[in-house]
Amino acid sequence: MRTSQKRQVSILLPNKQHLDCNVRVRARGQEVLNRVLKQLGVSELQVLGLAVLKDNEYLFVDLEQKLSKYFGKTWKRGSLMVPFILFLRVKYYVESGLLIMSSKVQQLYYAELRQKVLLSKSRHQEAVFFQLAASALQAEVGDVEERDVEEREEEEDEEENRKHRLYFLPEDYFPSWLIKRRGRDFLLQHCPGLHTELRGVTRGQAILQFIKEARNLQDGAVTFYRMRQEKKELRSVILLGVASKGVHIYQEVEGKLCLLYDLTWTHVDRLTFQGSRFEISAVGSLCLPQLVFYTASACHSKHILTHLRDSHRLHITTRAAVCCIQQLEDMQASHLYKEAYICDTTRLAQRLQTNSLSSSMSDCSLAIQTTTAWSKEEECEEEQVREFELCVDEPEEIFVDEVLWTAELSVDEPLIFPSSYWTAVTMEMKQVLRRRTDEGVSVD
């Protein structure tokens, strides 16, 4: 194939590294994804996705679409000399880092959360930032000897003391507004104490702890999309946040985020759009008016609705695994186990690999038997699955029949992850619970 018929694509990773590849002019998103998987050495990205930056907002790439759709005319007249930029970003935030079985993917997930913490505007959650900094330091620096902290407190020479405690830079662990508010010396003085309390926690455990704590931040594990309250407004002051458990709607006032509505998935009755008009209808019991906002375009509206739909599906398919993880964490908290997490992630990863490669009927039967116990519980919530509509009035878009769209939302359809993936997670969690029960440990 001629060189002129190829394009160079650079994929920027959350850890500030990048991957490069050459693809065909007619390449689709899946072709780039396959190159990324090969270079990273993983079989699937699970919670990550390829995205383009458009109007200062990340839009995730539909892997079935041609890349020319996202880069426009510049793609056709491009060359190997100038790369086109894609971003590997977190597409789906999860309720526990244990759901991310690939260590490489988990580290990329952690890296993006690290950057989001530094850019966070949650000025009323100061204590959370200190806990996050301590977890990050334990993951990246490791143990700090307690005697070093005590010696530092007793050091008479202030200059020597200052040099001794500079084993990290506040700019790498705290947002700029917090450094300005408290001062670098304050952070350097108090953060090591919290870091020392985590002595003995492994790097993997510290990363899992950071992922868990980041969910407590108002703007942590959330993907934001800007919207306008009125169609003719020039500035977008509404932020619609897509989270693991639902939708958060904020209004930006003088640089601060003010929460307007916090809707779980069971609170959402309908999500519809027509052109740039985006509507959110809550269930009747909340007595909320219909929420109407405006996006940048019909394309943006469709993208946001698709992201919401897929996030809701992920919430449904991971519910059983999350329940098991929560039981394990409750046991750990009530019995004061030293280990922060008692799940054997190595064995769990091996089981996932075995299940994903197997296609025998016996394995299929095993998966069905494993999920049967949870089916009754899921049926209740399945009845509460809300209706997502897609209605577009622009000629370049496609009308989607309302009934078909609703049918696509069936929780029995594994549209995001293979069923073996979450089946294996649930099986491993249950085995841990059984072992604890056999040992005489209560799981109540």
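Residues numbered from 1 in each chain as written. Predicted model: local features only at pLDDT ≥ 70, side-chain atom pairs only at ≥ 80, totals over all residues. Heavy atoms only, no water.

Under the annotation held in an unreviewed UniProt entry, the chain carries the name FERM domain-containing protein and is attributed to Champsocephalus gunnari.

A few words on the sheet that holds strand S9 (residues 256-264). Read from one edge to the other, the open sheet built from 4 strands follows the order S6-S7-S8-S9, with strand pairing classed as antiparallel. The two strands at the open ends of the sheet, each matched to only one other strand, are strand S6 (223-227) and S9. The mean angle between the axes of side-by-side strands here comes to 25°, regardless of whether they run parallel or antiparallel. For strand S7 (residues 238-242) and strand S8 (residues 246-253), the ladder comprises 5 bridges, and the chain directions are antiparallel. Within S8, the position partnered with Ile-238 by the bridge is Gln-251. (Pairing = 2+ DSSP bridges. Helix = DSSP H or I, 4+ residues; strand = E, 2+ residues; numbered from the N terminus. Axes fitted to C-alpha atoms, helices over the stretch in contact; angles between N-to-C directions.)

This part covers the pattern of salt bridges. In total, this model carries 15 salt bridges according to the counting rule given. In this structure, the salt-bridge partner of Glu-126 is Arg-182, at a minimum N-O distance of 2.6 Å. Taken as a pair, Glu-126 in helix H5 (residues 126-140) and Arg-182 in helix H8 (residues 176-182) lie far apart in primary sequence, 56 residues in all. With relative accessibility at 40%, the residue Arg-182 sits in the partly exposed group. Salt bridges sharing common partners tie together Lys-121, Arg-226, Arg-235 and Glu-252. (Salt bridge = Lys/Arg side-chain N within 4 Å of Asp/Glu carboxyl O. Buried < 20%, exposed > 50% of the residue type's maximum accessible area, 1.4 Å probe, protein only.)

It is worth spelling out the packing of aromatic side chains at this point. The relation between two aromatic rings is expressed through the spacing of the ring centres and the mutual angle of the planes. Throughout the structure, instances matching the rule amount to 12 aromatic pairs. Measuring from ring centre to ring centre gives 5.4 Å for Phe-129 and Trp-177, while their planes differ by 85°; the resulting arrangement is edge-to-face. With Phe-129 in helix H5 and Trp-177 in helix H8, this residue pair connects regions lying 48 residues apart in the sequence. Judged by centre distance (6.3 Å) and plane angle (80°), the rings of Phe-130 and Phe-186 are edge-to-face. You can see Phe-130 sitting in helix H5 and its partner Phe-186 sitting in helix H9 (residues 184-196), a full 56 residues away along the chain. Relative accessible area serves as the criterion here: at 10%, Phe-130 is assigned to the buried category. Judged by relative accessible area, Phe-186 falls into the partly exposed class, the value being 28%. Feature note: the residues Phe-71, Trp-75 and Phe-84 constitute an aromatic cluster, connected by ring pairs. The residue whose ring lies beneath Arg-89 is Tyr-58, and the NZ or CZ to ring-centre distance is 4.0 Å. Lying across the ring of Phe-186, Arg-182 places its NZ or CZ 5.1 Å from the centre. (Phe/Tyr/Trp six-rings, centres within 6.5 Å; stacked < 30°, edge-to-face > 60°. Lys NZ or Arg CZ within 6 Å of the ring centre and 35° of its normal.)

This part takes up the sheet that holds strand S4 (residues 57-60). The pairing of strands in a sheet happens through backbone hydrogen bonds and is either parallel or antiparallel. Read across the open sheet, the 5 strands follow the order S2-S1-S5-S3-S4; overall the sheet is mixed. Two strands close off the open sheet at either side, each with one partner strand: strand S2 (18-24) and S4. Adjacent strand axes in the sheet meet at a mean angle of 40° when their direction is disregarded. Looking at chain direction, strand S3 (residues 48-54) and S4 are connected through 4 bridges and run antiparallel. Residue pairing across strands places Ala-51 opposite Phe-60, the latter belonging to S4. Relative to S2, helix H1 (residues 29-40) is tilted by about 140°, and along the sheet it contacts strand S1 (6-12), S2, S3 and strand S5 (84-90). (Contact = heavy atoms within 4.5 Å.)

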